[in-house]
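# Summary of the model geometry
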Amino acid sequence: MTTRRTRPAPRPPEGTPPRAELARQARAVLADAVRIAHWAAGNPGPGTTAPLAAHALERAATALELSPAQVRAGWDRARLAGLVELHGDTARPGWRLRAWDRDDSAVLRGWVALFDAWSLVHAAPEGIEAGAVAEAVEAVPQVLSLLQLSAGSVTVPALLDLLGQRVAELQEERCEVPLGPGRTASADQPATAGPARSADLNALLLDWALEGLAAVGALTLGQGHATLTPLGNWAVWVKLEQICVAAQSPAGNIEQSAADMLLGCARLTPGPARDEYRAWLAARTVGSAVAELLAVARGEDALLRGLAFEALRVVGGPAEPEVRAVLAEPSLRPYALLWLAEYEGNDPDDAQDVLSREEATWLWVDTAAAVADHGETGLLVRHLDSAVQGTVPALLDEVRAVGHPRTVQVLVALAAAHPDPALAKAVRRAAFQVHTGGA
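Note that the structure is predicted; figures quoted are calculated from it, not measured.

Each value, and the rule that gives it
- Residues numbered from 1 in each chain as written.
- Predicted model: local features only at pLDDT ≥ 70, side-chain atom pairs only at ≥ 80, totals over all residues.
- Heavy atoms only, no water.
- Helix = DSSP H or I, 4+ residues; strand = E, 2+ residues; numbered from the N terminus.
- Buried < 20%, exposed > 50% of the residue type's maximum accessible area, 1.4 Å probe, protein only.
- Contact = heavy atoms within 4.5 Å.
- Salt bridge = Lys/Arg side-chain N within 4 Å of Asp/Glu carboxyl O.
- Pairing = 2+ DSSP bridges.
- Axes fitted to C-alpha atoms, helices over the stretch in contact; angles between N-to-C directions.
- 1 Å grid on protein atoms, 1.4 Å probe; cavity = no way out; pocket = protein on both sides within 12 Å on 5 of 7 lines; lining within 4 Å.
- Points joined across faces, edges and corners; volume = space filled by probe spheres on them.
- Nonpolar A, V, L, I, M, F, W, Y, C, P; charged D, E, K, R; others polar.
- Parallel < 35°, antiparallel > 145°, perpendicular 65-115°, else oblique.
- Expected span 1.5 Å × (residues − 1).
- Polar contact = N/O pair within 3.5 Å; in protein donor to acceptor, adjacent residues only side chain to side chain.

## Considering the overall build of the protein chain
Helix and strand counts for the protein chain stand at 22 helices and five strands. For the protein chain, buried positions account for 40% of its 439 residues. In the protein chain, once contacts between residues fewer than 6 apart in sequence are set aside, the share between residues at least 24 apart is 63%.

As C-alpha cells, then:
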C-alpha cells in the first residue's frame, strides 16, 4: 500500500499512434538535420559553427548530396532541436544526437523543441512590423487548439476568423484601439492598423504560420484547409494537458510550503481551492502533508488555521488519526471537532451542534480574527450574525470569558467597523475591559 497520491496518467486522444510510431515520424522530419549534425560531429573544425561558414556549407552539401539551401535549413533545425550545441564559436553534438537511435523520448523532445520554434524555422514575410508578427505567434496556440479539438481538417476562413478574434483580444488587453474610418494615424499608431488592412494582414500572417507549422511537420495543408499531423495532434494535446495541470495550481503553489499554498488559495472559490489542495497533496506523501498542514494550523494566522482544515477535508480518511490527536489542543479543538463530525457523515450545516457553547464562541473569535486580518470591514460586521448568542451583550460577555488571544484586536476592529455608534461604544468598552483585566 502506498501513501502517495498521484494524478492518473492522462490518455492521449483516440487514434494517436504509439510513441514508437510518433518517434519514427519525428525522425523522418528531422532526418536531414540529424545527417548534418553527424557530419558536423565528424568534421570538427573552422566553419562548423552557427551559422555555417560558406566553405563548410559547400563541404557539407557535397558530402551529403544536398543543396546548400537544404544544408542551411537542416543546420538551423539541428540547432533548434538540440542535436548540436553551441559552445562559444564551436558547435558540438548534443546529447539528443547521441541518444537519437535508441531513445524515443529524446527524439520526441527534440521534435517538440523544433515545433515550439516554428516561427524561427520559417521567416516571417518582409515588411511586417515586429509587433504584428509577435501577436500572430501569440495567437497561434488558439489556432492549434481548434485544429486539435476538431479532430480533422479545418477551413482556412475558420482559422482566419479565430486568429483575428485572438489578435483583437490581445490588442484589447494591451489597450490598443485599432484605427477606424475617419481617424488619422499618429507617429506611434501607423495607418496599417485600419480594419481593411488588418484583415489582409491577418490573412498574410495566418498563411505564414500555417506554412511554418507545416515546415516542421505539425500539419498538412490542402486546398483551403489545414489538418494536424499525428505528431502535431499529439504535441498540441500534450500542451493542453500541461495547461490543465497548471490550472490546478494557478499561482504555482504545488512547490510552495503549506502556508504559502494556503495563502495562494485564500481568495479562490471553494471548487478551484479544492483543486489547488489536491494538486499540492499529490506532490507529497499523506503523512508529511498532514503534518505540515497541522503545523500551519497551530500558528498565529487564523485564516490559515481554517484553510488548513479545509485542505485536510480533501485528504479525508488518512488524516483522521492526526486530526483526532489534536482534540486536546484548545486552539485546534473546534476545527477538529467539525472536521470529524463531517467525516463521520454529519451534514455540514448541523456539524456546529458538536461544539460546546465555549468552543463555538472561541471559533467565532478565531474566525473574526481571520476576517479582521484578511477580509473587509463589512464582512466583519456581518460576522456578528453567525454568533450563537442571541444578543450582542451576551456575545460580549462570553467573548471576554473565552480567553482567545486575539479578543482585544477583534473587538477593536469590530468597534471601528460597526456603523451603530451605541453598539460600537459597547464593543469598545468590552475591548478595554479585556485589555485591562476588568470585569
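Moving on, there is more to tell.
## Some points on the pattern of salt bridges
Scanning all chains against the criterion turns up 15 salt bridges. Here Arg27 makes a salt bridge to Asp104, at a shortest N to O gap of 3.1 Å. In this pair, Arg27 is assigned in helix H1 (residues 19-29) and Asp104 in helix H6 (residues 104-116), connecting sequence segments 77 residues apart. Two residues, Arg406 and Asp373, come together in a salt bridge whose shortest N-O distance is 2.9 Å. On the criterion of sequence distance, the pair formed by Arg406 in the loop between helix H20 (392-402) and helix H21 (407-417) and Asp373 in helix H18 (residues 357-374) is long-range, its members being 33 residues apart.

## Some thoughts on the sheet that holds strand S4 (residues 219-221)
Taken in spatial order, the three strands line up as S3-S5-S4 in an open sheet, and their pairing is antiparallel. One side of each edge strand has no neighbouring strand; the edge strands of this open sheet are strand S3 (154-155) and S4. Relative to strand S5 (residues 225-228), S4 is paired through three bridges, and the arrangement is antiparallel. In the sheet register, Thr220 faces S5, and the bridge partner there is Thr227. The strands that helix H8 (residues 130-150) touches are S3, S4 and S5; relative to S5, the one it contacts most, it runs at about 75 degrees.

## Description of unusual backbone geometry
Phi is mostly negative for residues that are not glycine, and the peptide bonds are mostly trans. Even without a glycine there, the phi angle at Glu65 is positive, about 55 degrees. Tracing the sequence through the fold places Glu65 in the loop between helix H3 (54-64) and helix H4 (68-80). The exposure class of Glu65 is exposed, given its relative accessible area of 73%. Despite not being glycine, Ala151 shows a phi value in the positive range, around 55 degrees. Checked against the element boundaries, Ala151 lands in the loop between H8 and S3.

## Looking at the layout of surface pockets
Within this model, the largest pocket holds a volume of roughly 890 Å³. Around the largest pocket sit 30 residues that line it, and Gly306, Glu310, Tyr335, Leu363 and Thr367 are the ones nearest its centre. When the residues that make up the lining of the largest pocket are grouped by side-chain class, the tally is 18 nonpolar, seven polar and five charged.

## Quick notes on the packing of H18 against H20
At their nearest, the axes of H18 and H20 sit 9 Å apart, and the two run at 90 degrees to each other. For the element pair H18 / H20, the angle class is roughly perpendicular. Here H18 contributes Arg357, Glu358, Thr361, Trp362, Trp364 and Val365 to the contact with H20, which in turn contributes Leu395, Glu398, Val399 and Val402.

## Describing helix H15 (residues 302-315)
Between its terminal C-alpha atoms H15 stretches 20 Å, which fits the 20 Å expected from 14 residues at 1.5 Å a residue. The buried fraction of H15 amounts to twelve of the 14 residues, a majority that puts the element mostly inside the structure. Burial in H15 covers these residues: Ala302, Leu303, Leu304, Arg305, Gly306, Leu307, Ala308, Phe309, Ala311, Leu312, Val314 and Val315. Taken together, the buried residues of H15 touch helix H12 (258-265), helix H13 (270-282), helix H14 (286-297), helix H16 (320-325), helix H17 (333-343) and H18. The distance from a side-chain oxygen at the start of H15 to the backbone nitrogen of Leu303 is 2.9 Å, and the residue carrying that oxygen is Asp301. Where H15 terminates, the next one or two residues include Gly316, which has phi positive at roughly 75 degrees.

Any functional reading would require information that these geometric values do not contain.
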